[in-house]
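Each chain, written out:
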Amino acid sequence: MWVYIIRRFNLFVLTVAILYFLVFLMLIALPGDLAVNISGLQNPTPDQLAQLTSSYQLDKNWFNQYISFINQRIHGNFGVSFTTNQPIWDEVLKFLPATIELCIYATIIALLVGFPLGIIAAIQPQKPADFVVLGLSLFGYSIPVFWLGVSAIMYFGLELQWLPVAGRLNLLYQVPPISGFTLIDIWLSDLEYKHLAYRDAFAHLVMPTLTLAVIPATMVTRITRTALRDELNANYIKAFQSRGLSPATIICRHALPNALQPIMTQLSLQLSTLLTSAMVTEVIFSWPGIGNWLIDAIYQRDYPVISAGLLICAGFIILVSVLTDVILIATTPKRRSAIDGSR
Amino acid sequence: MTNSVNFFLKYSFLPFYLILVGCEPNHVIDAHVAPGIVYCSEGDPNTFNPQLTTTGTTTDATSYQLYNRLVEYDPALGTIMPGLAHHWHINENGKIYTFYLRKKVSFHHSDIFSPSREFNADDVLFSFNRIIDQQHPYNQVSGGYYPFFQSVGFAQQISKIVKVHPYMVTIHLKEKDSSFLANLAANFAVILSKEYGDQLLNSATPQLIDTDPIGTGPFYLDSYFPSSHIRYKPNKSYWGGAPTIDQLVFDITPKSTNRIAKLMTGDCDVSALPQSSELDILRHNISLELQIQTGFNVSYLAFNHKKAPFDQPNVRKAIAHAINKRAIIEAVYYGSATIADSVLPPLSWAYNDQLSEYRYDPELARQLLAEVGLAQGFEMNIWAAPAQRIYNPNALKTAELIQGQLAQIGITVNIVSYGWNVFVNKLRSFEYDSVLLGWTADNADPDNFFRPLFSCAALNSGGNHTNWCDPTLDQVFIKAISSTHRAQRTELYHHALERLNTELPLIPLAHALRFQVKRRAIHGMPLNPYGGISFAKSHRIKSSAPKKGAD
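For the structure given in this document, a descriptive report is provided here. (Residues numbered from 1 in each chain as written. Chains lettered and ligands numbered in written order. Predicted model: local features only at pLDDT ≥ 70, side-chain atom pairs only at ≥ 80, totals over all residues.)

## A short note on the overall build of chain B
Consideration 1: Along its length, chain B carries 19 helices and 20 strands.
Consideration 2: In summary, chain B has a C-alpha radius of gyration of 25 Å against a globular reference of 24 Å for 551 residues, a match within 12%.
Consideration 3: Its C-alpha atoms give chain B principal-axis dimensions of about 75 × 75 × 45 Å.
Consideration 4: Of all 551 residues assigned to chain B, the portion counted as buried reaches 49%.
Consideration 5: For chain B, contacts bridging at least 24 residues in sequence account for 70% of all contacts bridging at least 6. (Helix = DSSP H or I, 4+ residues; strand = E, 2+ residues; numbered from the N terminus. Rg over C-alpha atoms; globule rule 2.2 N^0.38 Å. Buried ≥ 20, exposed ≤ 12 C-beta atoms within 10 Å, placed from the backbone. Contact = placed C-beta atoms within 7 Å.)

See the structure below:
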């Protein structure tokens, strides 16, 4: 077990080091002075420049620079943004909750829709229900997020005018950003008519959340179907069947819990897909999250923000995949022995 | 949208999209509890003090919401109206202006400031001395740039400002200036609080005067979240009558399509700068009202004429002949603009219709280039901001069109672009060969198109982007403003336009129409041809739908 964790940890450190190296190369290659691009301080005073030179070892060779670049970044110093002159880490904290909120709701919907559909398809293999579910999931999986989002805006927003198409809340509701999560902030605010604000917040959530949920939902469906079918073909299920256990008991008590484990593994690998779709969705629906912020940074040539965004998003995905891996291994002895034995 | 697509969308996604709405369409609009107005603005203000800027985005967000001027410009009548001065007179030689100030005008309260006195002459002196007196403790706060005032030579024209008694101020000019009152009525000439200034000096935080504004205007600043929104609350003791709305929110929405979408779905009530391409959609929407005004603006391609080869008039003329303005107006403005022959719009009384025209003629352009030995062409850059302005809805597209047109005479154009704030800052360094910009007049005086753009003084203030400094032309401008005879002034401006047309420091491209779009329920918002938007008298007339909530 420990060997495995250490091995994973080494892999994590190495991947992150490579990621940092690539971002560092990018900063060198970008137009402008490295001191400016790395710190975000435009026109630094001589004092500031001296400070930067020492903290980033800009007078030393590239390897020293690279090491001190990592050193500064992992201590939370991401420099300041060209456009706002605010510390980038503070900006990240400002925009991240919106992205997380969107992703959480989309994931919940994806699970609520995808899980039952996957089960239905798995217990009726090669029957009409299976074909319909498979067809739907393939269809949903093939729809590009940007097309779906824009079509939804065109039809439900502009044509029918049912749903708002941009932002998180009508600005007439004065909700101070305490947690960054709209629904929590409304609850914490001293608004007199919270139910109206909630209604408005939900109306704003519908289209982005559903647009973002489509692809994860189809993935949950397909993964659940495959995992559950594998499990249902196992010998112990046949033994249960021959003993006369009801299909509901077999599925809920025995097959599904065993199938969950591969489902979780697969799903954790889809995090990067979710995050990229979330970025696209944010841009389409003007959702003030990380994706929108990064795209703006690209428009504004805000190099420190672009590099920090890359580090944070990629780092987050690497961290989560390693963590889920470790957790899964820790909770599943079967896998652990297999991996230890095989390598 | 075709029927089949309609059908497809309706039946494939409808169930999904109705799950969370609870099958209750049409609830978005008119269901908001707080009676207020949301304005979809096109960008962040650079500051909350319009003295420090000339950008329309900033003045829209500040001038008429937070502040007042001594005198106000009435766009409907085209005359100067009383503002914080209820009365004024000018002595016989036109050099001494006496202002009688309004009493019982109170400044805003904020978390850090509670005014102990009402507005008086000290505040007028404070506001203007900050600009003209280099020794003033606030002169260098926030950089010491007062672009509008520097471009009209405000500090040079005033000899002194005198407080006669607490409600009477005289301003002494060195020379007669017929545009002086118009300058005082401009969006930028706002009155700040001296008491607030003193308090901030004592607490060693003078820069707050421009970021945490205190004014006398109809609204006070409640909160500002950069790139997100600005919230204003009504000044209940406003001398001109408190606004009837409970709050005013500027929703910062840089993309035009998003502004229109928000307007159609009810997240916004009024929207800035609709794109010309969207006008048809807006006209067909019965809940929206499109307001149109002939604009006092010009968009132009300015040459940095200190840089070779743009120091040669022939090169500038060749480019003028190679640009097809008609095509630009069709493709960029969708016809909602007129071709510009000079910087001055034809509406102005000083317009010169005798100017020789640079017609579209690539052949002639090539000859002109050949005359200066550039027959094989050359490479140049055009700076264009990816931001929408009143005078140019899409500078990047304009740049691309010009790129194509200049390619025909052998000039290779590289387009350089930055975000608006970065762009404006970088312009100061004059690194560009040419830049696509424009100008929106602050008042009806023709001087407003000349000195801010072409005077030597405007070189330092950031309004003069051609690097053009012609002392004889400066003399003409000064002569023109020191005269009050319209015929004489007209003659001088005709002369100036003539000279600008032959020297061609910039190529005027178009005069854009001004648009504003709002929901029909919003009233009391006339469109000002000189820029600046005021919500002081705006209100929402409720439809017959049942009221919900607290209002």
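## So, the overall build of chain A
Consideration 1: When its secondary structure is counted, chain A shows 15 helices and zero strands.
Consideration 2: Referenced to the eigenvectors of the C-alpha coordinate spread, the extents of chain A come out at roughly 85 × 60 × 35 Å.
Consideration 3: Looking at chain A as a whole, 37% of its 343 residues are labelled buried.
Consideration 4: Look at the contacts in chain A between residues 6 or more apart in sequence, and 69% of them connect residues 24 or more apart.

## Digging into the pairing of strand β18 (residues 506–519) of chain B
Regular strands place side chains that alternate from one sheet face to the opposite one.
All names here are of chain B.
Consideration 1: Burial runs high along β18: 13 of the 14 residues are buried.
Consideration 2: Note that strand β12 (residues 288–294) and β18 share seven bridges and pair antiparallel. By the bridge assignment, Ile 292 is partnered in β18 with Phe 515.
Consideration 3: Sheet analysis places strand β13 (residues 297–303) next to β18, joined by four bridges and oriented antiparallel. Each bridged residue has a counterpart across the sheet, and for Ser 299 the counterpart in β18 is Ala 510. (Pairing = 2+ DSSP bridges.)

## What to know about the pairing of strand β3 (residues 79–82) of chain B
Residues and elements named next belong to chain B.
Consideration 1: Direction of pairing for strand β2 (residues 71–74) relative to β3: antiparallel, over a ladder of four bridges. In the strand pairing of β3, Tyr 73 is matched with Ile 80.
Consideration 2: In this structure, the hairpin formed by β2 and β3 is closed by a connection of four residues, where Gly 78 is found at a positive phi of approximately 75°.

## Considering the sheet that holds strand β6 (residues 158–165) of chain B
Residues and elements named next belong to chain B.
Consideration 1: Spatially, the four strands line up as an open sheet ordered β4-β5-β7-β6, and their pairing is antiparallel. Every interior strand has two partners, whereas the edge strands, β4 (85–90) and β6, have only one. For this sheet, the mean angle separating the axes of adjacent strands, direction not counted, is 20°.
Consideration 2: Bridging between strand β5 (residues 96–101) and strand β7 (residues 168–173) involves five bridges; their strand directions are antiparallel. (Axes fitted to C-alpha atoms, helices over the stretch in contact; angles between N-to-C directions.)

## Focus on the packing of helix α1 (residues 2–29) of chain A against helix α4 (residues 62–74) of chain A
All names here are of chain A.
Consideration 1: Packing of α1 against α4 brings their axes to within 10 Å, and their N-to-C directions diverge by 110°. On the basis of the axis angle, α1 is roughly perpendicular to α4. Viewed along their axes, α1 and α4 form a crossing whose handedness is right-handed. Between α1 and α4, the residues in contact are Tyr 20, Phe 21 and Phe 24 and Tyr 66, Phe 69 and Ile 70, respectively.
Consideration 2: For the contact of α1 with α4, the class distribution of residues is six nonpolar, no polar and no charged. (Parallel < 35°, antiparallel > 145°, perpendicular 65-115°, else oblique. Left-handed = near helix turned anticlockwise from the far one by under 90°. Nonpolar A, V, L, I, M, F, W, Y, C, P; charged D, E, K, R; others polar.)

## Overview of the environment of A:Asn37
Residue and element names in this part refer to chain A.
Consideration 1: Within the secondary structure layout, Asn 37 lies in helix α2 (residues 34–39).
Consideration 2: C-alpha of Asn 37 to C-alpha of Asp 302: the two residues are 265 residues apart in sequence and 8.5 Å apart in space.
Consideration 3: If we ignore the near neighbours within four places in the chain, the residues touching Asn 37 are Leu 27, Leu 30, Gly 32, Tyr 303 and Pro 304.

## Digging into the nonpolar core
In a soluble, globular protein the nonpolar side chains are often hidden away together inside.
Consideration 1: Judged by nonpolar contacts, the single largest core of 222 residues is most densely connected at B:Tyr300, B:Leu436 and B:Ile507.
Consideration 2: It is helix α9 (residues 194–232) of chain A that provides the largest number of residues to this core, a total of 18 residues.
Consideration 3: Three or more residues apiece are contributed to this core by two domains, here domain 1 (2–74) and domain 2 (89–230 + 257–299) of chain A.
Consideration 4: Ignoring any residue separated from it by four or fewer positions in sequence, one finds B:Ile507 in contact with B:Tyr300, B:Leu301, B:Ile319, B:Ala320 and B:Ile323. (Core = buried A, V, L, I, M, F, W, Y, C linked by C-beta atoms within 7 Å. Domains from an automatic or database assignment.)

## Some thoughts on unusual backbone geometry
A negative phi holds for most residues other than glycine; trans holds for most peptide bonds.
Residues and elements named next belong to chain B.
Consideration 1: Backbone torsion omega between Ala 308 and Pro 309 reads 0°, so that peptide bond is classified as cis.
Consideration 2: Look at Ser 227: it is not a glycine, yet its phi comes out positive at around 65°.
Consideration 3: Turning to its location among the elements, Ser 227 is positioned in the loop between β8 (219–225) and β9 (229–234).
Consideration 4: Within the chain, Asn 467 stands out as a residue other than glycine whose phi angle is a positive 60°.

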